[in-house]
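So the chains spell out like this:
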Amino acid sequence: MAKYERHREFEVHLLTYDGSQHLRLHGWLKRNDVLIKSETIHNSDDSFGRFMIFINDIMLEKLKEQNLERGLFLDIDVMNTENERWNIIKKLDKEEERENLLDKIQDFMFSFQIKDKDDIEKFLSQANETSLKLFKQNESFVDDYVTTKELTYEDKIKDIDLMIEAFVEQGGDEDSALLVKVKNKVTEFYDKSSNRD
């Protein structure tokens, strides 16, 4: 049996410029099984969103290489120590005070901390709500979601079907109808391009 080589994991903050880049990065993180601790959408003048992830050194280097080739993120902060974490929080606090970003991102922020099954359900519910709000507020986000190559056709349909199922259980017929429209757009796009990979 081969010996497993442990790798140190880092907390990393990634900033995205727009919805398209945010989707590309999200797809890459998902495909490479990188743990996303939190995701925020603030859509300010200088950036669109932020991911907080946990990643080992090997995957971090791959992410940096992919960024050079595909433009996955705008800025990166690697947290090696508690001081660096504190500095970035202070920096965010100053930005929020200056631009009152807290009000803008409050509804879009969620954090991923698993302790039991209820935590997983809570995270999925928050993720679904965030996706739905983006679909409702930004038609270009829907277009980016439909056309991005970072998620396969099957992944997109599976994600949307799971969201529809969740909102149907909650009695969200309006939300489910919107998601069905997004699903139809995905299907139409792939039918036209005849490529479901």
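Conventions used here
- Residues numbered from 1 in each chain as written.
- Predicted model: local features only at pLDDT ≥ 70, side-chain atom pairs only at ≥ 80, totals over all residues.
- Heavy atoms only, no water.
- Core = buried A, V, L, I, M, F, W, Y, C linked by side-chain atoms within 4.5 Å.
- Buried < 20%, exposed > 50% of the residue type's maximum accessible area, 1.4 Å probe, protein only.
- Helix = DSSP H or I, 4+ residues; strand = E, 2+ residues; numbered from the N terminus.
- Contact = heavy atoms within 4.5 Å.
- Salt bridge = Lys/Arg side-chain N within 4 Å of Asp/Glu carboxyl O.
- Pairing = 2+ DSSP bridges.
- Axes fitted to C-alpha atoms, helices over the stretch in contact; angles between N-to-C directions.
- Parallel < 35°, antiparallel > 145°, perpendicular 65-115°, else oblique.
- Left-handed = near helix turned anticlockwise from the far one by under 90°.
- Nonpolar A, V, L, I, M, F, W, Y, C, P; charged D, E, K, R; others polar.
- Arc of directions from axis to C-beta.
- Phe/Tyr/Trp six-rings, centres within 6.5 Å; stacked < 30°, edge-to-face > 60°.
- Expected span 1.5 Å × (residues − 1).

Peer 1: What exactly am I supposed to notice about the nonpolar core here?
Peer 2: Soluble globular proteins tend to pack their nonpolar side chains together in the buried interior. By size, the foremost hydrophobic cluster in this structure holds 21 residues, and its most contacted members are Phe135, Tyr145, Ile160, Leu179 and Val186. Secondary-structure elements contributing two or more residues to this core are α5 (117-137), α6 (139-147), α7 (153-169) and α8 (173-193). With 6 residues, α7 is the single largest residue contributor to this core. Ignoring sequence-local partners within four residues, the contact set of Phe135 consists of Phe141, Val142, Tyr145, Met163, Leu178, Leu179 and Val182.

Peer 1: Even after reading the chapter, I still don't get the side chain of Gln21, so can you show me in this structure?
Peer 2: Its location among the elements puts Gln21 in helix α1 (residues 19-31). Using a relative accessible area of 9% as the deciding quantity, one classes Gln21 as buried. Aside from chain neighbours lying at most four places away, what touches Gln21 is Leu15, Thr16, Gly71, Leu72, Phe73 and Leu74.

Peer 1: For this particular structure, what's the right way to read the pattern of salt bridges?
Peer 2: Opposite charge on two side chains makes pairing possible when the charged atoms of those side chains draw close. All told, the structure shown has 5 salt bridges when counted by the stated rule. A salt bridge links Lys30 to Asp159; the shortest N-O distance between them is 2.9 Å. Of the two residues, Lys30 is situated in helix α1 and Asp159 in helix α7; the sequence distance between them amounts to 129 residues. Exposure remark for Lys30: the relative accessible area of 33% places this residue in the partly exposed category. Its relative accessible area of 22% is what places Asp159 among the partly exposed residues. Between Lys183 and Asp161 there is a salt bridge, with the nearest N and O atoms lying 2.6 Å from each other.

Peer 1: Please explain the pairing of strand β1 (residues 9-16) as it appears in this structure.
Peer 2: Every other side chain in a regular strand lies on the same face of the sheet, so the side chains alternate between the two faces. Of all 8 residues in β1, 7 are buried, a share of seventy percent or more. Alignment of β1 against strand β3 (residues 49-56), held across 8 bridges, turns out to be antiparallel. Looking at the pairing, Thr16 lines up with Gly49 of β3. As paired strands, β1 and strand β4 (residues 75-79) are joined by 5 bridges and run antiparallel to one another. Along β4, the bridge assignment pairs Glu11 with Met79.

Peer 1: How should I be thinking about the packing of α6 against α8 in this particular structure?
Peer 2: Packed helices, taken two at a time, are described by the angle their axes make and the gap between the axes. With their axes 9 Å apart at the nearest point, α6 and α8 run at an angle of 45° to one another. With respect to α8, the element α6 is oriented oblique. In the crossing of α6 with α8, the sense of the turn from one axis to the other is right-handed. Facing Glu139, Val142, Asp143, Tyr145, Val146 and Thr147 of α6, the residues of α8 in contact are Val182, Lys185, Val186, Phe189 and Tyr190. Here the residues of the contact of α6 with α8 sort into 7 nonpolar, 1 polar and 3 charged.

Peer 1: What is the right way to read the environment of Ser125 from this model?
Peer 2: Along the chain, Ser125 turns up in helix α5. Expressed as a C-alpha distance, the spacing of Ser125 and Ala166, which sit 41 residues apart in the sequence, is 7.8 Å.

Peer 1: So what exactly am I meant to see when it comes to α6 here?
Peer 2: Along an α-helix, residues three or four positions apart point the same way, because every turn accommodates 3.6 residues. Looking at α6, one finds that the buried residues are Phe141, Val142, Tyr145 and Val146. Taken end-on, α6 shows its buried residues confined to a sector of 135°, consistent with a single buried face.

Peer 1: It is not clear to me how the packing of aromatic side chains should be interpreted in this structure. Could you clarify?
Peer 2: How two aromatic rings sit relative to each other is set out by the distance from centre to centre and by the angle between their planes. For the coordinates displayed, the defined rule picks out 5 aromatic pairs. Each ring, one from Phe189 and one from Tyr190, has its centre 5.2 Å from the other, and the planes form 90°; the classification is edge-to-face. With a relative accessible area of 4%, Tyr190 lands in the buried category. Among the aromatic residues, ring-to-ring pairing joins Phe48, Phe135, Phe141 and Tyr145 into one connected group.

Peer 1: So what exactly am I meant to see when it comes to α1 here?
Peer 2: Here α1 spans 18 Å end to end across 13 residues, near enough to the 18 Å set by a 1.5 Å rise per residue. Every buried residue of α1 is listed here: Gly19, Gln21, His22, Leu23, Leu25, Gly27, Trp28 and Leu29. Contact partners of the buried residues in α1: β1, β2 (35-41), β3, α2 (57-70) and α6.

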